[in-house]
Amino acid sequence: MLRKDPRERFSATAALYARWRPSYPAPLRDHLLGLVPAGAGGAIAIADVGCGTGISTRFLAGPGVRVIGVDPNPDMLEEARRSTPDGLEVEYRTGEAAATGLPARSADLVTAAQAFHWFDAEPDWFTAIEHGVAPHRALRGNVETEIARADDVGAGCGCAYP
């Protein structure tokens, strides 16, 4: 059986992915930005790894927040660029989770919205992210596990997983 290169997995469906994939609730953005230590200084820089069509990249961007979306799929990145309105401080780059191409200490926070399960992430990847790209440790797991609580009805990604 032939297996499709994972970097091209969504090439034929990038436009549909962008159209039908939901965004995220506002409390999630506030939560993630709250992970950046006080005194980070200046604009917050976020590396959104596995950004796909840029849904999470655009969601995180805003006043005082610069986001670099990284994805290995050129079709997904093209859709991300097409879908990103002017005025957002967003940049898209070709790269992979284990080889983002980002310089050391270039991000205050690293996110991987709904892409982490596609990564070939060995333990060294976490070390590289924690000690390379981001200057502090702020790794978090699944959105539901970390911020969705019974008493916090505004949290969670709303993905309706079974």
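Refer to the structure presented above.
Computed from a predicted structure; not experimentally measured. (Residues numbered from 1 in each chain as written. Predicted model: local features only at pLDDT ≥ 70, side-chain atom pairs only at ≥ 80, totals over all residues. Heavy atoms only, no water.)

Scanning the protein chain for helices and strands turns up six helices and four strands. Across the 162 residues in the protein chain, those meeting the buried criterion constitute 41%. In the protein chain, of all internal contacts separated by at least 6 residues, the share reaching a separation of at least 24 is 64%. Entry remark: accessible area of the protein chain is about 9400 Å², with carbon and sulfur atoms responsible for 54%. (Helix = DSSP H or I, 4+ residues; strand = E, 2+ residues; numbered from the N terminus. Buried < 20%, exposed > 50% of the residue type's maximum accessible area, 1.4 Å probe, protein only. Contact = heavy atoms within 4.5 Å. Areas by Shrake-Rupley, 256 points an atom, 1.4 Å probe, with all protein chains shown as cover.)

Attention shifts here to the sheet that holds strand β2 (residues 65–71). Read across the sheet, four strands follow the order β3-β2-β1-β4 without closing on themselves; strand pairing throughout is parallel. A single partner strand is all that each edge strand has here, and the edge strands are β3 (90–94) and β4 (109–111). The sheet shows a mean angle of 20° between the axes of neighbouring strands, taken without regard to direction. Pairing between strand β1 (residues 44–49) and β4: three bridges, direction parallel. Bridged to Asp-48 within β4 is Thr-111. (Pairing = 2+ DSSP bridges. Axes fitted to C-alpha atoms, helices over the stretch in contact; angles between N-to-C directions.)

The next point concerns the nonpolar core. With 15 residues, the main nonpolar core has Leu-32, Ile-44, Ile-46, Leu-60, Val-65, Val-67 and Leu-109 as its most contacted residues. Taken together, the elements giving at least two residues each to this core come down to α2 (26–33), β1, α3 (55–60) and β2. What Leu-60 contacts, discounting residues up to four positions off in sequence, is Arg-29, Leu-32, Ile-46, Val-65, Val-67 and Thr-111. (Core = buried A, V, L, I, M, F, W, Y, C linked by side-chain atoms within 4.5 Å.)

This paragraph deals with helix α4 (residues 74–83). Listed in full, the buried residues belonging to α4 are Met-76, Leu-77, Glu-79 and Ala-80. Projected down its long axis, α4 carries its buried residues within an arc of 160°, all on one side. Opposite the buried face of α4, at more than 90 degrees from it, the exposed residues are Pro-74 and Arg-82. Among the residues of α4, the N-terminal cap falls to Asn-73, whose side-chain oxygen and the backbone nitrogen of Asp-75 are separated by 2.8 Å. (Arc of directions from axis to C-beta. Polar contact = N/O pair within 3.5 Å; in protein donor to acceptor, adjacent residues only side chain to side chain.)

Now for the environment of Ser-106. Summarising the element assignment, Ser-106 is placed in the loop between β3 and β4. Accessibility expressed as a relative area gives 19% for Ser-106, which makes it buried. A distance of 2.7 Å separates a polar side-chain atom of Ser-106 from the backbone oxygen of Pro-103.

With that out of the way, let us pick up the pairing of β3. Here is the key point about a regular strand: its side chains alternate between the two faces of the sheet. Sheet topology places β2 next to β3; five bridges connect them, and they run parallel. When the bridges of β3 are listed, Asp-71 appears paired with Thr-94. Where the polypeptide runs from β2 across α4 and back to β3, its parallel neighbour, the crossover connection is right-handed. (Right-handed = clockwise from strand over helix to strand, strands pointing away.)

The next subject is the packing of aromatic side chains. Scanning the entire structure with this criterion turns up one aromatic pair. Considering the side-chain rings of Tyr-24 and Phe-59, the 5.5 Å spacing of their centres and the 55° angle between planes classify their relative orientation as tilted. Here Tyr-24 is found in the loop between α1 (14–20) and α2, whereas its partner Phe-59 is found in helix α3, with 35 residues between them in sequence. Like Tyr-24, the residue Phe-59 is buried in the burial classification. (Phe/Tyr/Trp six-rings, centres within 6.5 Å; stacked < 30°, edge-to-face > 60°.)

To continue, consider the environment of Asn-73. Mapped onto the elements of the fold, Asn-73 is located in the loop between β2 and α4. As for Asn-73 and Thr-53, which are separated by 20 residues in sequence, their C-alpha atoms are 9.4 Å apart. At a separation of 2.8 Å, a polar atom in the side chain of Asn-73 contacts the main-chain amide nitrogen of Asp-75.

The next thing to look at is α2. Residues lying three or four places apart along an α-helix face the same way, a consequence of the helix completing one turn every 3.6 residues. Buried within α2 we find Leu-28, Arg-29, Leu-32 and Leu-33. The buried residues of α2 occupy an angular sector of 130° when projected down its axis, which confines them to one face. Summarising the geometry of α2, the exposed residues directed more than 90 degrees from the buried face are Ala-26 and Asp-30.

So yeah, pure geometry; function would need other evidence.
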